Amino acid sequence: MIIVARKDVTADQLDHIRERVEAAGLRTHVSRGETRTIIGCIGDEARLAHIPMLSIPGVRSVHPIMRPYKLAARDFSADRTTKVQVGDHAFGGAACLVAAGPCSVESQEMMLQTGRAVAGAGATLLRGGAFKPRTSPYSFDGLKDEGLRILSKVRSETGLPVVTEVLDPRHAERVAGHVDMLQIGTRNMQNFALLKEVGQLQRPVLLKRGMAASLKDLLLAAEYVMSRGNMQVVLCERGIRTFGAETRNTFDLAAIPWLKLETHLPVVADPSHAGGRRDLVAPISFAAVAAGADGLVVEVHPDPETALSDGEQSLTFAEFNGMMSDLKAFAEAAGRTLHRPQAGA
Ligand code: PEP
Ligand code: MN
């Protein structure tokens, strides 16, 4: 249930409303927007049936939430989109943010080179996997702790915030100590132990859609993280498995506007894992941004031909730069700006 407070609600009245709800055994979450304040009630709504809510001072209206997800539901937030701050920028604001970098962290030198190149082209985050979930146990699975050390170093040298994947609940705190944002990959979207663990950390989470997950499953996975106290979740559409074999995955474009209607969480797209081919990355990115995505996650490599993973879908620096220039018009058409560094900066 959500309780919408009157415009002139006082702090004491808000406290009193929360006390009444909590005394009935539910938890509350207050969301203050520019024009309204909402008190979300989490738990068994039937326990509130005996309270004449509308007679409590400060209450304007009361609405049941019939969705299986509560905290992630759009009605639960006073704002249309929740801002998830990473470094100096926020997902869900006026600017469309781009995270870019290689699939895997391969060396300090290549991460530094990539960080500088993508920042110059307008990326606001550097991505790179230190722990890699590989379909084959014989494939390169990341530099692990050495990769984290490299990410920390590049982060401090370039000033770019960093996002990396966490695979194991036992590593979550350690990974969070080195980076600004934790990625949960497609293969782990329903790893509930991992979701609960990152839910206890105060680090933004990039939650990628499971390759066979419905959008409802994705929102329930976000709910796991949020219900543990971490509300900083960004959802990522990265393509799903279908009968189509021509692209690596099938990019679900409709997922973007659907999620934007259904949740207040920011939504980004990963065109690289969706298409699986370098020449599909720009068109998928343009479509995603035009459809309202709050950002993108793009694989970029200094020399894709020698990449240890996902070289065929990684852009060169020049290709990424070109795509970012062309992306600006699509962002503007969707009423957004594209973060671009000042010339000469
Ligand atoms: C990745 O970002 O490199 C990755 C493994 O992504 P996904 O989990 O979407 O396959
Ligand atoms: Mn990859």
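Residues numbered from 1 in each chain as written. Chains lettered and ligands numbered in written order. Predicted model: local features only at pLDDT ≥ 70, side-chain atom pairs only at ≥ 80, totals over all residues. Heavy atoms only, no water.

**A look at the coordination of the manganese ion (ligand 2)**
Surrounding the manganese ion (ligand 2) are the protein donor atoms Cys103 (SG), His273 (NE2), Glu299 (OE) and Asp310 (OD), at 2.1 to 2.4 Å. Here the donor residues of the manganese ion (ligand 2) are spaced in sequence according to C-x169-H-x25-E-x10-D. One end of the pair, Cys103, is in the loop between β7 (95-101) and α2 (108-121); the other, Glu299, is in strand β14 (residues 295-299), with 196 residues separating them in the sequence. Taken individually, Cys103 and Glu299 each receive the classification buried, so the pair is uniform in this respect. (Donors = N, O, S within 2.8 Å, 3.2 Å for Na, K, Ca; no water. Helix = DSSP H or I, 4+ residues; strand = E, 2+ residues; numbered from the N terminus. Buried < 20%, exposed > 50% of the residue type's maximum accessible area, 1.4 Å probe, protein only.)

**What about the sheet that holds strand β3 (residues 37-42)?**
Backbone hydrogen bonds hold the strands of a sheet together, and the pairing may be parallel or antiparallel. Pairing is antiparallel across the open sheet formed by four strands, whose spatial order is β2-β3-β1-β4. Only two strands of the sheet have a single partner each, and these edge strands are β2 (27-32) and β4 (59-63). Geometrically, the sheet is characterised by an average inter-axis angle of 20° between neighbouring strands, direction not taken into account. (Pairing = 2+ DSSP bridges. Axes fitted to C-alpha atoms, helices over the stretch in contact; angles between N-to-C directions.)

**Re helix α5 (residues 192-199)**
Taken as a whole, α5 has its buried residues at Leu194, Leu195, Val198 and Gly199. Looking down the long axis of α5, one finds its buried residues gathered within 140° of arc, a one-sided arrangement. Its buried side turned inward, α5 meets α4 (172-176), β10 (181-184), β11 (205-208) and α6 (215-227). (Arc of directions from axis to C-beta. Contact = heavy atoms within 4.5 Å.)

**Digging into the site of ligand 1**
Close to ligand 1 lie Cys103, Arg127, Lys132, Glu165, Gln183, Gly185, Thr186, Arg187, Lys208, Arg238, His273 and Glu299, which account for all nearby residues. In the environment of ligand 1, an oxygen atom lies 2.8 Å from a nitrogen or oxygen atom belonging to the backbone of Thr186. Here ligand 1 loses 98% of its free accessible area of 300 Å² to cover by the protein chains. In terms of residue class, the shell around ligand 1 is built from one nonpolar, four polar and seven charged. (Near = heavy atom within 4 Å. Polar contact = N/O pair within 3.5 Å; in protein donor to acceptor, adjacent residues only side chain to side chain. Areas by Shrake-Rupley, 256 points an atom, 1.4 Å probe, with all protein chains shown as cover. Nonpolar A, V, L, I, M, F, W, Y, C, P; charged D, E, K, R; others polar.)

**A few points about the domain arrangement of the protein**
For the protein, the assigned domains read domain 1 (2-64) and domain 2 (84-338). Measuring from the centre of the C-alpha atoms in domain 1 to the corresponding centre in domain 2 gives 36 Å. (Domains from an automatic or database assignment.)

**A word on unusual backbone geometry**
One non-glycine residue with positive phi stands out, namely Lys144, at about 55°. Structurally, the position occupied by Lys144 is in the loop between β8 (125-127) and α3 (145-158). Residue class for Lys144 comes out partly exposed when judged on its relative accessible area of 32%. Look at Asp310: it is not a glycine, yet its phi comes out positive at around 55°. Within the secondary structure, Asp310 is located in the loop between β14 and α10 (317-333).

**Description of the packing of α5 against α6**
Following both chains from N to C, one finds α5 and α6 inclined at 45°, their axes separated by 7 Å at the closest point. Considered as vectors, α5 and α6 are oriented oblique to each other. Crossing handedness for the pair α5 and α6: right-handed. Counting all contacts with α5, which are made through Phe192, Leu195, Lys196, Val198 and Gly199, the residues of α6 involved are Ala221, Tyr224 and Val225. (Parallel < 35°, antiparallel > 145°, perpendicular 65-115°, else oblique. Left-handed = near helix turned anticlockwise from the far one by under 90°.)

**Details of α2**
The end-to-end C-alpha separation of α2 is 20 Å, in line with the 20 Å expected for 14 residues at 1.5 Å each. Every buried residue of α2 is accounted for by Met110, Met111, Leu112, Thr114, Gly115, Val118 and Ala121. On its buried face, α2 is in contact with β7, β8, α3 and α10. (Expected span 1.5 Å × (residues − 1).)

**Here we look at the pattern of salt bridges**
Taken as a whole, this structure holds 19 salt bridges when the rule is applied. For the salt bridge of Lys208 with Asp270, the shortest nitrogen-to-oxygen distance reads 2.7 Å. Of this pair, Lys208 sits in strand β11 while Asp270 sits in the loop between β13 (267-269) and α8 (271-275), and the two are 62 residues apart along the sequence. Asp270 shares its class with Lys208; the two are buried. Among the salt bridges present, the one from Asp294 reaches Lys260, with a minimum N-O distance of 2.6 Å. Within this pair, whereas Asp294 is found in the loop between α9 (278-290) and β14, its partner Lys260 is found in helix α7 (residues 255-262), the two being separated by 34 residues in sequence. Each of the two residues, Asp294 as well as Lys260, counts as buried. Look at the salt bridges and you will find they share partners, linking Arg116, Lys153 and Glu157 into a network. (Salt bridge = Lys/Arg side-chain N within 4 Å of Asp/Glu carboxyl O.)

**Regarding the environment of Val62**
Relative to the helices and strands, Val62 resides in strand β4. For the pair Val62 and Ile39, spaced 23 residues apart in sequence, the C-alpha separation works out to 9.6 Å. Setting aside residues up to four positions removed in sequence, Val62 forms contacts with Met1, Ile2, Met53 and Leu54.

**Comments concerning the state of the cysteines**
Evaluation of the coordinates by the stated rule reveals zero disulfides. Between Cys236, a cysteine without a disulfide, and Cys96, which holds the nearest cysteine sulfur, the sulfur-to-sulfur distance is 12 Å. Cys236 gets classed as buried once you look at its relative accessible area, which sits at 0%. (Disulfide = S-S within 2.5 Å.)

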